[in-house]
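Descriptive structure summary
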Amino acid sequence: MKLSDLSPEVLEKVKLVRWDRIIEKHEGPEDWKSVLRYYEPEFLEIEGRWVLLPVEGAHHLNITILRSIWSADGNSLTVFLKDTTYDDDPFFSGFMAVCDRLKGEDFFLAILYHKWFVIERAEVFEPCSTYGKT
C-alpha cells in the first residue's frame, strides 16, 4: 500500500488525527496534517498489515521491528522498533508507537510515537508478538 493510493477523502481523515510525539522532550500533540506536509511518510508493512508511522519512508530500510503487540479486537497495535537511520546505538535508535486502525479503513495510524531505549526482553517473559491474533 502506498500513501498515494489513498483517496482525497481518506487523506482528509488522516490529516485530522492527532498524535503525540515524545522524542527528546514532550513535543505534542500534533496532527497528521503537519506530518503529511513537511515529511514524506510511507506505509510500513508489519505482520501483513499496513501501518503509517510519522517517519520518512526512506527510513524503512533502517527499521527493524523488535516486538508487535496487537489488541484482542485487532484494531490497535503497539510496536517497538529500532531505527538506525541516524545511529545504531540502542540508547538512540529505539522507538515505540501506539497505532489505531482508522475507522472504515484497512490501515493503522500512529497516535503516539515515543523514544525508547532498546531493552532486550528478559528470558523470564513469554514472547508477545502473537497476542491478540486470530
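Below, the structure is looked at part by part.

What counts as what
Residues numbered from 1 in each chain as written. Predicted model: local features only at pLDDT ≥ 70, side-chain atom pairs only at ≥ 80, totals over all residues. Heavy atoms only, no water. Salt bridge = Lys/Arg side-chain N within 4 Å of Asp/Glu carboxyl O. Buried < 20%, exposed > 50% of the residue type's maximum accessible area, 1.4 Å probe, protein only. Helix = DSSP H or I, 4+ residues; strand = E, 2+ residues; numbered from the N terminus. Contact = heavy atoms within 4.5 Å. Patch = residues over 30% accessible without salt bridge, like charges linked within 9 Å, V, L, I, M, F, W, Y side chains within 5 Å. Areas by Shrake-Rupley, 256 points an atom, 1.4 Å probe, with all protein chains shown as cover. Polar contact = N/O pair within 3.5 Å; in protein donor to acceptor, adjacent residues only side chain to side chain.

**Quick notes on the pattern of salt bridges**
Counting across every chain of the model gives four salt bridges. Between Arg-21 and Glu-30 there is a salt bridge; the shortest N-O distance is 3.4 Å. The class of Glu-30 is buried, set by a relative accessible area of 18%.

**With respect to the environment of Val-51**
By secondary structure assignment, the location of Val-51 is in strand β4 (residues 49-56). In this structure Val-51 comes out as buried when scored by relative accessible area, which is 0%. Apart from the residues within four sequence positions on either side, Val-51 is in contact with Glu-42, Phe-43, Leu-44, Ile-46, Leu-77, Cys-99 and Phe-108.

**Some remarks on a nonpolar patch on the surface**
Taken together, the side chains of Phe-91, Phe-92, Phe-117 and Ile-119 define a hydrophobic patch exposed on the protein surface, amounting to about 420 Å² of accessible area. If you trace the backbone, Phe-92 turns up in helix α3 (residues 90-93). Looking at Phe-92, the relative accessible area reads 44%, which means it is partly exposed.

**What to know about the side chain of Ser-93**
The residue Ser-93 is located in helix α3 in this model. With sequence-adjacent residues up to four places away left out, Ser-93 is seen in contact with Leu-81, Lys-82, Asp-83, Thr-84, Asp-87, Asp-88, Lys-115 and Val-118.

**Regarding the environment of Val-79**
For Val-79, the position within the fold is in strand β6 (residues 76-83). Remark: the alpha-carbon pair of Val-79 and Ala-97, spanning 18 residues in sequence, is separated by 5.3 Å.

**Points about the environment of Tyr-38**
By the secondary structure assignment, Tyr-38 is in helix α2 (residues 32-38). Residue classification places Tyr-38 among the exposed positions, given a relative accessible area of 57%. Spatially, the C-alpha atom of Tyr-38 lies 9.9 Å from that of Glu-56, the residues being 18 residues apart in sequence. Within polar-contact distance, the side chain of Tyr-38 engages the side chain of Arg-37 at 3.4 Å.

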